[in-house]
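# Structural features, examined
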Amino acid sequence: MLQTGNYSLVLLIQLVLLAYDLFVNSFSELLRGAPVIQLVLFIIQDIAILFNIIIILLMMFNTYVFQVGLVSVLLGRFRALLVFSALYLTLSICFHCWVLNLRWLESNRFVWTDGLLALFVFQRTAAVLYYYLYKRTAEHMGDPRLYEDSMWLRDQFARARQ
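Please read these numbers as outputs of a predicted model, since none were measured by experiment. (Residues numbered from 1 in each chain as written. Predicted model: local features only at pLDDT ≥ 70, side-chain atom pairs only at ≥ 80, totals over all residues. Heavy atoms only, no water.)

Another point: the nonpolar core. If you look at the biggest cluster of nonpolar residues, it comprises 41 residues, and the most contacted ones within it are Met59, Val65, Tyr134, Met141 and Leu146. Looking at this core, the element that brings in the most residues is helix α4 (residues 71–103), giving ten residues. (Core = buried A, V, L, I, M, F, W, Y, C linked by side-chain atoms within 4.5 Å. Buried < 20%, exposed > 50% of the residue type's maximum accessible area, 1.4 Å probe, protein only. Helix = DSSP H or I, 4+ residues; strand = E, 2+ residues; numbered from the N terminus.)

Turning our attention to helix α6 (residues 151–161). Within α6, burial applies to Trp152, Leu153 and Gln156. The arc that holds the buried residues of α6, viewed along the axis, is 95°, so those residues lie on one side. Set apart from the buried face of α6 by more than 90 degrees, the exposed residues are Met151 and Arg161. (Arc of directions from axis to C-beta.)

Following the criterion strictly, the structure yields nine aromatic pairs and no others. Centroid distance Phe23 to Phe27: 5.3 Å. Interplanar angle 50°. Geometry classified as tilted. Separated by four residues within a single helix, Phe23 and Phe27 lie in helix α1 (residues 4–27), roughly one turn from each other. Plain terms: the ring middles of Tyr88 and Tyr131 are 6.3 Å apart, the flat faces sit at 70° to each other, and that makes the pair edge-to-face. One end of the pair, Tyr88, is in helix α4; the other, Tyr131, is in helix α5 (residues 114–140), with 43 residues separating them in the sequence. Judged by relative accessible area, Tyr88 falls into the buried class, the value being 0%. (Phe/Tyr/Trp six-rings, centres within 6.5 Å; stacked < 30°, edge-to-face > 60°.)

Attention now goes to the pattern of salt bridges. Two side chains of opposite charge can pair, provided their charged atoms sit close to one another. Within this structure, the stated rule accounts for five salt bridges. For Lys135, the salt bridge identified is with Glu139, shortest N-O distance 3.0 Å. Placement of both Lys135 and Glu139 in helix α5 is noted, with a separation of four residues, approximately one turn of the helix. Note on Lys135: relative accessible area 42%, which makes it partly exposed. Given the relative accessible area of 46%, Glu139 is considered partly exposed. The structure contains a network of salt bridges with shared partners spanning Arg77, Asp143 and Arg145. (Salt bridge = Lys/Arg side-chain N within 4 Å of Asp/Glu carboxyl O.)

This is how it looks when you write it as structure tokens:
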């Protein structure tokens with residue numbers, strides 16, 4: 001079971017990773033003159049997104065609901081986050097590859113193609129939804145009903161058996 005002290009530490013790590021992701025999304029364009037620094041920031045950003053996905057999955061695996069076999073209850077509650085996390089990671093990697101490919105040799109030139117602009121808009125829109133859903137899910141993972149036997153869990157188990 002996730003103890004209060006451990007939950008606070010895990011939540012802090014998650015929020016730090018989200019803050020780094022927000023920082024890179026906000027200020028990476030200011031470093032377009034230094035493509036190597038941008039590359040390093042983008043790699044760390046993609047790893048941070050992946051770590052956040054792994055952390056939330058480990059938190060889900062640690063719940064009593066998962067351990068008694070009600071995976072469908074967890075997936076029903078947190079499906080949106082899992083879908084948007086995968087979508088956001090994919091869009092981020094695609095955007096990072098495309099922008100670095102266009103700017104690597106001509107870093108002082110302002111290059112925005114129509115496709116890159118469209119990908120940028122989709123990636124940043126997905127980022128906002130990802131931040132919201134991730135923060136909401138991280139806070140919902142602190143619900144004590146997920147970590148102990150309760151009447152709510154017994155009702156869910158009875159519904160799953162029918």
